[in-house]
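Secondary and tertiary structure notes
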Amino acid sequence: MRLLVCGGAGFIGSNFARLRVRDHGDEVVILDKLTYAGRKENLADVEHEFVHADIADAAKVREAMADVDAVVNFAAETHVDRSIAEPDAFVTTHAVGTYVLLEAARERSLRYLQVSTDEVYGSIAEGSFTEESPLQPSSPYSATKAGADLLVASYAETFGLETVICRGSNNYGPYQYPEKLIPLMVLNAFHGDKLPVYGDGMQVRNWLYVEDFGRGIGHVLEHGVPGEVYNVGGPDECPNLEVVRRIVALTGNDESIIEYVTDRPGHDRRYSLGSEKVRALGWEAQVRFDEGLEATVQWYKDNAAWWEPIRSGDYLEYYQRQYGTALGGCGG
Ligand code: NAD
Ligand code: TYD
């Protein structure tokens, strides 16, 4: 297959592209705006064609879709804290960008997969969300992702476009930008910087290794029923504080580097996804959290050349703004 992978220079998109080229012999065209989170370095070992463009740019999007078999859209603003501080780009990329992709896919009747998130369902105290659960997003990030999902569904219903939606739970693994919990804590721990835990640290996330999500997305692209939504959840749930404690242990640190900081406004307490539907389609998560976390810490240890350029400049300014403290270990 020849795939157009939008947002393929980011964390999950680049892992997905690597997997599709390596394991399925696909050709990939990456279309990416290269925001702070998108990096060509993420694709250094992946054979691909590259289009530098915004998904809201109709002319470039149409041109990129001219000779592909299907479209997979990862392109998004993805950090909840940034959506609280500056929601603008979340609204334009998720609403206008998704609309432009859908229109271009409709012109060529292309199969279209939208990558979405469990956060569209909001928080759940007990049990797990199914695909039938109501959408109750809490943050500008999840609200605009939910809006994009609804727009995608409308193109299936109204225009008969072959769409599928994959809602993943919290991903972790190689190439994740260190604004998200796991890589942020790992890199801070390497440098002896404080590990900032929001609130009481008892918020629960459902952890999914990035390759498992990539395999799930590929599986739904090939076998999913048009018009359907598929939850793709990880095998394990874990409270944040426990995640951070495990990172402290894996990096040979002392728990005194953990620091409790002001909670995130509107912070969802627990995410939990039921994935029976995608399991019935033949997908299963392969990586348990303890094993995946250890491999992830090891990857960051082995790949300082990847994160060293990130952990400077704009990132240090972002960190200071977000946490009100400077990073000490790396030029901050
Ligand atoms: P990321 O922030 O690492 O990457 C996003 C990519 O999209 C970057 O390469 C960026 O340059 C690109 N991009 C942003 N705006 C763009 C635009 N307007 N036009 C073209 N490219 C643009 O994100 P990620 O963690 O890899 O997430 C990818 C997708 O998966 C997102 O849709 C996200 O909502 C979804 N998702 C993420 C998680 C997670 O835990 N990270 C879980 C479930 C679902
Ligand atoms: P994050 O990686 O931002 O993903 P999401 O908000 O999409 O789940 O955060 C995961 C959890 O970790 C979430 O409950 C917020 C918490 N968190 C912290 O406690 N400290 C931090 O510095 C960050 C970035 C997140």
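Calculation rules
- Residues numbered from 1 in each chain as written.
- Chains lettered and ligands numbered in written order.
- Predicted model: local features only at pLDDT ≥ 70, side-chain atom pairs only at ≥ 80, totals over all residues.
- Heavy atoms only, no water.
- Domains from an automatic or database assignment.
- Buried area = accessible area lost by both parts, 1.4 Å probe.
- Salt bridge = Lys/Arg side-chain N within 4 Å of Asp/Glu carboxyl O.
- Helix = DSSP H or I, 4+ residues; strand = E, 2+ residues; numbered from the N terminus.
- Buried < 20%, exposed > 50% of the residue type's maximum accessible area, 1.4 Å probe, protein only.
- Pairing = 2+ DSSP bridges.
- Axes fitted to C-alpha atoms, helices over the stretch in contact; angles between N-to-C directions.
- Contact = heavy atoms within 4.5 Å.
- Core = buried A, V, L, I, M, F, W, Y, C linked by side-chain atoms within 4.5 Å.
- Near = heavy atom within 4 Å.
- Polar contact = N/O pair within 3.5 Å; in protein donor to acceptor, adjacent residues only side chain to side chain.
- Areas by Shrake-Rupley, 256 points an atom, 1.4 Å probe, with all protein chains shown as cover.
- Nonpolar A, V, L, I, M, F, W, Y, C, P; charged D, E, K, R; others polar.

**Details of the domain arrangement of the protein**
For the protein, the assigned domains are domain 1 (2-171 + 207-232) and domain 2 (177-206 + 236-269 + 290-323). A straight line from the C-alpha centre of domain 1 to that of domain 2 covers 25 Å. Across the interface of domain 1 and domain 2, roughly 1,900 Å² is buried in total on both sides, 48% from carbon and sulfur atoms. Of all residues in domain 1, the largest losses of buried area upon contact with domain 2 belong to R39, D81 and W207, amounting jointly to 36% of the total for that side.

**What to know about the pattern of salt bridges**
One pass over the structure, following the stated rule, counts 27 salt bridges. Across the pair R82 and E179 runs a salt bridge, and its minimum N-O distance is 2.6 Å. Placement of R82 in helix 3 (residues 80-85) and of E179 in the loop between strand 7 (171-172) and helix 6 (181-191) is noted, with a sequence separation of 97 residues between them. Here the two residues R82 and E179 agree in accessibility, since each one is buried. Two residues, D236 and R288, come together in a salt bridge whose shortest N-O distance is 2.6 Å. With D236 in strand 11 (residues 236-239) and R288 in the loop between helix 9 (276-280) and helix 10 (289-302), the pair connects residues that are 52 residues apart, well separated along the chain.

**Topic: the sheet that holds strand 1 (residues 2-6)**
Note: strands within a sheet are paired through backbone hydrogen bonds, in either parallel or antiparallel orientation. The strand order across the open sheet built from 7 strands is 3-2-1-4-5-6-10, with neighbouring strands paired in parallel fashion. Strands with a single pairing partner mark the edges of an open sheet, and in this sheet they are strand 3 (49-52) and strand 10 (229-232). Direction aside, the axes of adjacent strands within the sheet are offset by 20° on average. Inspection of the sheet shows strand 5 (residues 111-117) paired to strand 6 (residues 163-168) by 6 bridges, in the parallel sense. Its bridge partner lying in strand 6, L113 is registered against V164. Each of strand 1, strand 2 (27-32) and strand 4 (70-73) touches helix 1 (residues 11-24); the most contacted strand, strand 1, lies at about 170° to it. In the packing of helix 4 (residues 88-107) onto the sheet, the strands contacted are strand 1, strand 4 and strand 5, and the crossing angle to strand 5 comes to about 160°.

**Description of the nonpolar core**
Ranked by internal contacts, the top residues of the largest apolar core, which has 65 residues, are L113, I182, I217 and Y315. The dominant element in this core, judged by the number of residues it contributes, is helix 6, at 6 residues. Looking at which domains feed residues into this core, each of domain 1 (2-171 + 207-232) and domain 2 (177-206 + 236-269 + 290-323) gives three or more. Sequence-distant contacts of Y315, that is, excluding residues within four places in its chain, are made with Y177, P178, E179, L184, I310 and L327.

**A short note on the site of ligand 2**
The full set close to ligand 2 counts 19 residues, and E119, R205, R264, H267 and Y323 are the nearest of them. One of the side-chain nitrogen or oxygen atoms of R205 is found 2.7 Å away from an oxygen atom of ligand 2. At 2.7 Å from an oxygen atom of ligand 2 is found a side-chain nitrogen or oxygen belonging to Y323. Protein burial of ligand 2: of its 510 Å² of free accessible surface, 97% is covered by the chains. Within the residue set of the shell around ligand 2, elements represented by two or more residues are helix 6 and strand 8 (195-198). Grouping the amino acids of the shell around ligand 2 by side-chain chemistry returns 9 nonpolar, 5 polar and 5 charged. A domain split of the shell around ligand 2 shows at least three residues from each of domain 1 (2-171 + 207-232) and domain 2 (177-206 + 236-269 + 290-323).

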